[in-house]
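Listed below are the residues making up each chain.
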Amino acid sequence: MRPNSPFHIRSLFPACLFLLALPTMAQQPAVVPDTSELSIRPYGSFRGHMALYNEALELQQNGSRVGFEIRFKVQKVTYFATSELAINLFRNDISFSASASTNGGFLTVDQGQANQVFATRLGYIGADLGKCGQLTVGKQWGAYYDVSGYTDRFNVFGGQASNSYNGGTDGGLLGTGRADQAVVYRNKFGPVSFAGQLQFRSVVNEEMVDNYGGSVQVQLTKGLKVGGGYMKTELGNYFVENTAGMDGEPSIWVAGASYGNSRWDLAATISGQTNGDFSTVLDTSGIALQSVVYDGTGAEAYIRFKHKAWAFSGGFNYYLPTFDENEGLAKDFTLQYVVLGAEYHPGRY
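Remember, it's a predicted structure, so these values are computed and weren't measured experimentally.

For the rest of this paragraph, the subject is the pairing of strand S10 (residues 211-221). Pairing of strand S9 (residues 192-199) with S10 involves eight bridges; the strand directions are antiparallel. Each residue of the ladder has a partner; that of Phe194, found in S10, is Val216. Here S10 runs beside strand S11 (residues 224-233); their pairing, made up of ten bridges, is antiparallel. Within S11, the position partnered with Ser215 by the bridge is Gly229. Connecting the antiparallel pair S10 and S11 is a turn made up of two residues, with Gly223 showing a positive phi of about 85 degrees.

See below:
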């Protein structure tokens, strides 16, 4: 699970459960639990920023979320379940944080939760089998993101050139970000860790498996690792034949390196995609005409220096689409920007 900045209410939560159970405790027979370990971990992260753009100021959300994780152990197997909800903290639709999106659609836009106060961000169950690996099922950070997430660490911006959140989505349908309806197996042997992923999300494309892929990472030295990932999506002939610019099923790859110690965090990724991203062509009045799919390559870099309560960060995103100019996209259509940031942490939370 992607790390957050959790707040813990361990002492309060059990007390609430105890009070709720008091009316029925006298009527319930004694039960011997079949587990030796049980833990419930609530967490949350509340984020916002003030954005100055188009000559105006706007208070924006920035990926606020709340969630909880339940873990219990039966013999040598640890079972767990996680549910995480995005919070529309300021009730606005625009955010400069790509990972804040809860739209999982691709071409067929899925925005049913966009304006709600709460929206599904993660939801999965799993089992930790020890040396036999870990299996998780549901909406979760995918195998591809194990590598593409190396550079997706800015407080605002970032993640737009690694093909994690293509088409303004959370990477759900393509399986590159928070993958929808995914089964992921992860394991580690010495310095090598790997993940395999399958998605079973649709019955309309005549495919048993809708996405497949995985990633491999190698720990070279303490703090330094390299990795690569790949995802292939089966959309069906209808989408391929009726979408401008599309000449096949989406395939996406990424390679990267990451290093971290007590003071420095450094990371870089390079990625490429075929038929894996799209943009909407507008007419002169701003009305959407059609979606155009294109290929593209991208690179991201991230650097962060920590000193006591302060941290300073920097990096860039560069994304170069390739397409037929007759499809209506501007010939200089690209994405490139530099990010500079500073943080001050007054306390642990």
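Having seen the model, we can carry on.
Next up on the list: unusual backbone geometry. Excluding glycine, residues mostly have negative phi values, and the peptide bonds linking residues are mostly trans. Located in the positive-phi region is Gln75, a residue other than glycine, with phi close to 55 degrees. The phi dihedral of Lys308 falls on the positive side, at around 55 degrees, and the residue is not glycine. Owing to a relative accessible area of 79%, Lys308 belongs among the exposed residues under this scheme.

What follows is about the packing of aromatic side chains. Counted according to the given criterion, the structure contains 15 aromatic pairs. Seen from their ring centres, Tyr294 and Phe333 are 5.5 Å apart, and the 85 degrees between their planes marks the pair as edge-to-face. Of the two residues, Tyr294 sits in strand S14 (residues 288-307) while Phe333 sits in the loop between strand S15 (310-322) and strand S16 (335-344), which places them 39 residues apart along the sequence. Between Trp310 and Phe312, the ring centres sit 6.0 Å apart and the planes meet at 5 degrees, which makes this aromatic pair stacked.

Right, let's talk about the pattern of salt bridges for a bit. According to the stated counting rule, one finds eleven salt bridges in the structure shown. Residues Asp146 and Arg186 are paired through a salt bridge, measuring 2.9 Å at the closest nitrogen-oxygen approach. Taken together, the residues span a long stretch of sequence, with Asp146 in helix H2 (residues 145-148) and Arg186 in strand S8 (residues 178-189) at a distance of 40 residues. Residues joined in a network through salt bridges with shared partners are Arg153, Asp265, Arg304, Lys306 and Glu343.

We now examine the side chain of Asn163. Looking at the element boundaries, Asn163 is found in the loop between H2 and S8. Looking at Asn163, its side chain comes within polar contact range of the side chain of Asn166, at 3.1 Å. Reaching out from Asn163, the side chain makes a polar contact with the side chain of Tyr319 at a distance of 3.2 Å. Those residues in contact with Asn163 that sit more than four places away from it in its chain are Tyr144, Thr176, Ile252, Ser271, Gly272, Gln273 and Tyr319.

Reading the values: rules and limits
Residues numbered from 1 in each chain as written. Predicted model: local features only at pLDDT ≥ 70, side-chain atom pairs only at ≥ 80, totals over all residues. Heavy atoms only, no water. Pairing = 2+ DSSP bridges. Helix = DSSP H or I, 4+ residues; strand = E, 2+ residues; numbered from the N terminus. Buried < 20%, exposed > 50% of the residue type's maximum accessible area, 1.4 Å probe, protein only. Phe/Tyr/Trp six-rings, centres within 6.5 Å; stacked < 30°, edge-to-face > 60°. Salt bridge = Lys/Arg side-chain N within 4 Å of Asp/Glu carboxyl O. Polar contact = N/O pair within 3.5 Å; in protein donor to acceptor, adjacent residues only side chain to side chain. Contact = heavy atoms within 4.5 Å.

In short, geometric facts, not functional conclusions.
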